Structure formats: structure tokens, C-alpha cells
Amino acid sequence: MTRPSPTPARRAPARLGWLVPAVTVGGLLPVAVLVSDALSGALGANPIQRATLQTGLLTLALLVLSLACTPLRLLTGWTWPARIRKTLGLLGFGYAALHFLIYLLDHGLDLTLITEDVLKRPFITAGFTALLLLVPLALTSTPRAVRRLGFARWTRLHQLAYVAVSLGALHYYWGVKKDHTPPLIYAAVIAALFLIRFLIRFPKRGHDRSGTRGAGRAAKS
Amino acid sequence: MTDPRTPEDQTQPTDPQTPDGQRRILTPGSDLNPRREFLRSAAMFTGTVAALGGGLEVLTRRPGLSGAEAQAADPFSRADRPPGPYDTTEKVTPYQQATTYNNFYEFGTDKSDPARLAGSLKTRPWTVRIDGEVRKAQTIDIDTLQSWFPLEDRIYRMRCVEGWSMVMPWLGFPLAALIRRLEPTGKAKYVQFTALLDTKQFPGQKQQVLRWPYVEGLRLDEALHPLSFMAVGLHGRTLPGQNGAPLRLVVPWKYGFKNIKSVVRITLTEKQPQTTWALAAPQEYGFYANVNPAVPHPRWSQATERRIGELGRRKTLPFNGYADEVAALYRGMDLRKNF
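Residues numbered from 1 in each chain as written. Chains lettered and ligands numbered in written order. Predicted model: local features only at pLDDT ≥ 70, side-chain atom pairs only at ≥ 80, totals over all residues. Heavy atoms only, no water.

Some details on the environment of A164 of chain A
Residue and element names in this part refer to chain A.
- By the element assignment, A164 lies in helix α9 (residues 160-175).
- With 30 residues separating them along the chain, A164 and L134 place their C-alpha atoms 6.6 Å apart.
- Residues contacting A164, with those up to four places away along its chain left out, are A130, L133 and L134. (Helix = DSSP H or I, 4+ residues; strand = E, 2+ residues; numbered from the N terminus. Contact = heavy atoms within 4.5 Å.)

Some details on the sheet that holds strand β5 (residues 190-195) of chain B
Residue and element names in this part refer to chain B.
- Ordered by their spatial adjacency, five strands build an open sheet running β2-β1-β10-β5-β6, and the pairing between neighbours is mixed. The open sheet has two edge strands with one neighbour each: β2 (138-141) and β6 (215-219). Direction aside, the axes of adjacent strands within the sheet are offset by 20 degrees on average.
- When β5 meets β6, the two strands line up antiparallel, connected through five bridges. Bridge assignment links Y190 to a residue of β6, and that residue is R219. (Pairing = 2+ DSSP bridges. Axes fitted to C-alpha atoms, helices over the stretch in contact; angles between N-to-C directions.)

What to know about the interface of chain B and chain A
- With 61 residues of chain B in contact, the opposing surface of chain A contributes 59 residues.
- Inspection of the chain B/chain A interface yields five salt bridges.
- Here R306 of chain B ties to D106 of chain A by a salt bridge, and the two come within 2.5 Å at their closest N and O atoms.
- Connecting chain B to chain A are 12 residue pairs in polar contact (both at pLDDT 80 or more).
- Of all the secondary-structure elements, those providing two or more residues to the side of chain B that touches chain A are α1 (7-11), α2 (34-60), α8 (276-280) and β11 (304-307) of chain B.
- Per-element accounting of the side of chain B that touches chain A gives the leading share, 13 residues, to α2 of chain B. (Salt bridge = Lys/Arg side-chain N within 4 Å of Asp/Glu carboxyl O. Polar contact = N/O pair within 3.5 Å; in protein donor to acceptor, adjacent residues only side chain to side chain.)

Some remarks on the packing of aromatic side chains
- Counted under the stated rule, the structure contains 23 aromatic pairs over all chains.
- Between F100 of chain A and Y103 of chain A, the ring centres sit 6.0 Å apart and the planes meet at 25 degrees, which makes this aromatic pair stacked. Of this pair, F100 of chain A and Y103 of chain A both sit in helix α4 (residues 80-106), three residues apart, which is roughly one turn of the helix.
- Ring geometry for F151 of chain A against W154 of chain A: centres 6.3 Å apart, planes inclined by 20 degrees, an arrangement best described as stacked. In this pair, F151 of chain A and W154 of chain A are both assigned in helix α8 (residues 151-158), three residues apart and thus about one turn of the helix distant.
- By relative accessible area, F151 of chain A is classed as partly exposed at 40%.
- Ring pairs connect the aromatic residues Y190, F287, Y288, F319 and Y330 of chain B, which therefore count as one cluster.
- Of note, R157 of chain B hangs over the ring of Y322 of chain B, and the distance from its end group to the ring centre comes to 4.5 Å. (Phe/Tyr/Trp six-rings, centres within 6.5 Å; stacked < 30°, edge-to-face > 60°. Buried < 20%, exposed > 50% of the residue type's maximum accessible area, 1.4 Å probe, protein only. Lys NZ or Arg CZ within 6 Å of the ring centre and 35° of its normal.)

Points about the confidence of the model for chain A
Residue and element names in this part refer to chain A.
- Per-chain confidence: chain A averages 86 in pLDDT, with 86% of residues scoring 70 or above.
- Taken together, the stretch residues 1-13 has pLDDT below 50 and engages in 16 contacts with residues farther than four places along the chain or on a different chain.
- Throughout residues 206-221 the model reports pLDDT below 50, and contacts reaching past four residues in sequence, or to other chains, amount to 17 contacts. (pLDDT = per-residue confidence, 0-100.)

Thoughts on the packing of helix α3 (residues 47-76) of chain A against helix α10 (residues 181-201) of chain A
Residues and elements named next belong to chain A.
- The N-to-C vectors of α3 and α10 enclose an angle of 25 degrees; their axes lie 10 Å apart at closest approach. Classified by the interaxial angle, the pair formed by α3 and α10 is roughly parallel. Note that α3 runs across α10; the crossing there is left-handed. Mapping the contact onto sequence places L57, L60, A61, V64, L67, A68, T70, P71, L74 and L75 in α3 and Y186, V189, I190, L193, I196, R197 and I200 in α10.
- Within the contact of α3 with α10, the residues separate by chemical class into 15 nonpolar, one polar and one charged. (Parallel < 35°, antiparallel > 145°, perpendicular 65-115°, else oblique. Left-handed = near helix turned anticlockwise from the far one by under 90°. Nonpolar A, V, L, I, M, F, W, Y, C, P; charged D, E, K, R; others polar.)

Let's talk about the pattern of salt bridges
All names here are of chain B.
- Scanning the model with the defined rule gives 25 salt bridges over all chains in all.
- The partner of R219 in a salt bridge is D221, and the shortest N-O contact between them spans 2.8 Å.
- For R219, a relative accessible area of 13% puts it in the buried group.
- Residue class for D221 comes out partly exposed when judged on its relative accessible area of 32%.
- Each of E90, R157, R159, E305, R307, E310 and R314 takes part in a single network of salt bridges with overlapping partners.

Points about the packing of helix α2 (residues 19-40) of chain A against α4 of chain A
Residue and element names in this part refer to chain A.
- Between α2 and α4, the least distance of the axes is 9 Å, while the angle of their chain directions is 25 degrees. Taken together, α2 and α4 sit at an angle that is classed as roughly parallel. Relative to α4, the crossing made by α2 is right-handed. Contact residues: L19, V20, V23, T24, G27, L28, P30 and V31 in α2; W80, R83, I84, T87, L88, L91 and Y95 in α4.
- Class assignment of the residues belonging to the contact of α2 with α4 gives a composition of 11 nonpolar, three polar and one charged.

Here's the deal with the pairing of β2 of chain B
All names here are of chain B.
- In this sheet, β2 lies alongside strand β1 (residues 127-132) in antiparallel orientation, the contact comprising four bridges. Residue pairing in the sheet places I130 in a bridge with Q138 of β2.
- Between β1 and the antiparallel strand that follows it, β2, lie five residues.

Brief notes about α2 of chain B
- Its 27 residues place the ends of α2 of chain B 38 Å apart at the C-alpha level, agreeing with the 39 Å of an ideal helix rising 1.5 Å per residue.
- Regarding α2 of chain B, the residues found buried are E37, S41, T48, V49, L52, G53, L56, E57 and T60 of chain B. (Expected span 1.5 Å × (residues − 1).)

Remarks on the environment of L105 of chain A
Residues and elements named next belong to chain A.
- Within the secondary structure, L105 is located in helix α4.
- Judged by relative accessible area, L105 falls into the exposed class, the value being 54%.
- For the pair formed by L105 and I48, sequence separation is 57 residues and the distance between their alpha carbons is 9.7 Å.

Quick notes on unusual backbone geometry
- Along the chain, W212 of chain B connects to P213 of chain B via a cis peptide bond; the corresponding omega equals 0 degrees.
- Following the sequence through the fold, P213 of chain B ends up in the loop between β5 and β6.
- Non-glycine residue L109 of chain A carries a positive phi angle of around 55 degrees.
- Considering the arrangement of structural elements, one finds L109 of chain A in the loop between α4 and α5 (111-120).
- Although it is not a glycine, N320 of chain B adopts a positive phi angle of roughly 55 degrees.
- Mapped onto the fold, N320 of chain B is located in the loop between β12 (314-315) and α9 (323-326).

As C-alpha cells, then:
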């Protein structure tokens, strides 16, 4: 950009033009590694299980990153997290869909078996519900959908992301045989993000909300 | 939701990084030439791709083992020996897979931990303490114990409670032969097995994922069944550490976790032993743990399994396909309650 004195807000888009493509490519990189692992035999003796686990973990990680964007923006005042929130969310949804597709193929598309799993195994029920909740969010991720729904309703709808990611973490917790530390770490991060959002949204009475330090206590005067 | 305030707003008037005062706006790159702007964007792009992609890989990738052993030919060949009465004719799981995909929490909870860390396990010298309701209580060296019996091959199916299975060519001796030699007293009703407790050799025991040492058990009639087996070898070789060297139990009609590894003590008891997984999660793992497609694990189905090396899943068989041999042991028992 060589314009003499653009305002910062207008200048920002061009300077960060690389950001969304970079997040997209970086977010899809694990697919390439997964395919290469599968072809080279690096997925080990039970490749389907490894691929299922990894796509599930990628879903959780990307959804958590997506949910971290707004708290990060509010706490730091940075604007770039807002630009990649949608991309991270859609990548998470893509991995969730891939995770489910692998599960379907693994069960030979046997609908009797799959229906029984979804209805009777809380572990599968939680994961399946999380995926279903992500579908409307993915479908309304365009600016047009925001306009059509109105910002307030769109925001309320997208709060479902918290429900979905929590169910995802529960699905992970229930799916693990014994070592519950990794799923509990995800649950703790999700809880922390939720808490930050809550404190920013409902600060202490009389608190000036324009402050970017959101924890409420900062501006007690 | 968008906050119009940016860091630039707050820092625009003066730029602390340029004391000469010529550049007044903190927008590195904006007033540089397009080529440098492009290079800067390219560098940021690459850095972000590497950071996000690399970060996700670190968080989620769990590569299996596929090292030099992958190329090693299977040491065991079916053609070398006549088939035994209890052998399955199914395709044997290759040595590489049978020795790199293991549940052995004493080394760690990942399936590749045992193969990576089994080097720390010293299987000689090794003694097995035999006590409880037996007339021949003793502590015996593993080599002496092995010399008591002619070694046999047994090609058994192995079904893990997690929903995968293998076909394992074991080498060892029938458990019944050992127990008879020990002369159980009239009070003996159960056999309890205890694995080694040693955090130096078993680094996974530093974590209290399970209550250590690992303990398993069988009813005496189960232990005396001709299918029950003590393995000291696999694929015609000495048992590798990750598969439970130097001595492990193999009860092919039960879920894999019953097959306790690296046994140091065998106790005949009057009361039913408190077994490790049944203590860890009593609603999920019972004492019997017979393979049963009709009784789901509370969290997942047991109707199907993946045979390691195959992509699809196959139906799980009652008693892991050994119903003809062992179903009579459980006549009159409710197997939904005694899971």
C-alpha cells in the first residue's frame, strides 16, 4: 500500500490479506500429512483408528481456536483474531465431517449398526449431536446469512458453537478408555474461554465496558 | 461485535520505535515499496502456515511405529508345523503389527509406547512366586519353570475390549499343566496372577492410571481349561517385552485385558481375586470379561471388531469363536450380569 495517508481501519485489510489464506493452508496441512502417513504406513497397525482419532482431535483443536478468537480480541484489542474466527470454525467443521465420514465407512455404512450406536451409546450420541449442531453454523457462516438473520439472532445462533465444542470434549472423554488427562485439558480450556466471555459480557455493575481489559474488576473506581 | 479500536489508533501519534521521528505511523511496511510489502506478506504467510499447521500436528498427530522391523520377514511360518487342535486357520497377524500395537499401560497408554519403551524391561533373571492354596508353594526361576513343559504353538484369536483383534501364534505351555504340578489344595477356587511392579522398568507405573501392580484372575475351572495358556514366545521367538515377556497369560475367549503380562506371582485363592480393570471401572469391566457381542461396553458396542491389517470390520463371535469349547463353563450363569 503506497497511498499517502490511509486511515488505519481502511489500510488494515490489505496488509492482512495473507492471513485468511495462511490459516486455511495451515489448517489443511494435517490432511496432507495424514494422507502421506496413510500411504507410507506411518499410521501403524490400526490406521483407521489413528485417522479417526486425529480428525477428531483436529476438530476439537480448531473449534477451540475459533472460540478463542473473540476473547483474545476483547482482551488484547487486536482485530486480526476476528478475521480468522470463521475460517477456523469452518476448518473445524470440515474435520468433524471427515471424522464422521471415516466412522461411517469404518462401519461399512451399516445403518442398523450406526443407528444403534447413535441412539444407544452416549459416547456416539454426544459426538453426533455436536456434529449436527455445527451444520447450521457452517451454513450461516456467510456475510449474507448474517444480514438475513440480523446480527443479534445470528450471534445467538452461533453461541451453539459452545454447546457443540463441549459435547465434542465430552465425546472425547467418554471415548477414552482410561487416561482422561487429554480430554480434561480440552474441557478446562473450553471452560476458561467460556468464563472469559461470561466475565466480559456481564462485568461488575457500573463498569465502563469500553475498556479492553474485560475481567470487570480492573475499572473499579 | 467488531471493536473499531485497533492498536494503531492508540499508538498512531508517535512511534516509539523510530526515535528519528521521520516515520510517524506504526504501520511497518505500509510506506515501503510494493516488493518489500510483498516479501513481508509472503514471510508472514509462510510463518502462519508453519505455526498453525505445525501446532495442529503436535497437538493431534500420533504416528504409529513403522521402523526397520516393518521390513523383517515374519519369523513364524505355518508351513513349519502341523496344525494343533485349537489352532485357528485364519491369517496370522504379521509380527511387525503384533509387536508395535499393544496395550501395556505399564509402559504408557499409547499403543506405540510398549514397543518404544520395552527395552527397559529386564526379563532375565526373573522369578515367579507361587503361593496360596497349593502344596508346592515356591519361588521359581523362569528358565526352570519353562523347562518343566514341552513348548507348544497355539494360534489364537485375540480380541481387545476396544474393538480390535489379532491372530497370534503363541509359544508356551498349557496353564492346566502348571497348576496340576503345583497341587492345589481343596480350598483353591481361583487363580490370581500378579504382574511386575517396578517404576524403573515400567515407566508407565509412575502414573496412577491404574492401580499397580496389574492383577488378573480366573476361576480354577477356567484356568484348567485346555485353551488357557501361558505364553513365553510369539511367532516362534522369545516373547518381546511389549507383548508381556517373559511370561504372560493367554485366555483366548476373554477380552485381551485378562491376558496379564510379565507375571511375577501366581496365587491360588479361595476368594475371587480383585482384578485391575474391574477395580478401575467396575461398571465397565467385569471379572469374567468373556467376549460377548450381545453385551455392549457401556460406552461402545461390542458387536463388531477390526482385525488388525483389515480395513473393514467383522462381526464379533460369542466367546471370540470358542463357544463350542468353553460355553459349558458358564452354563446357568447370566452373562449380562457376569460380564
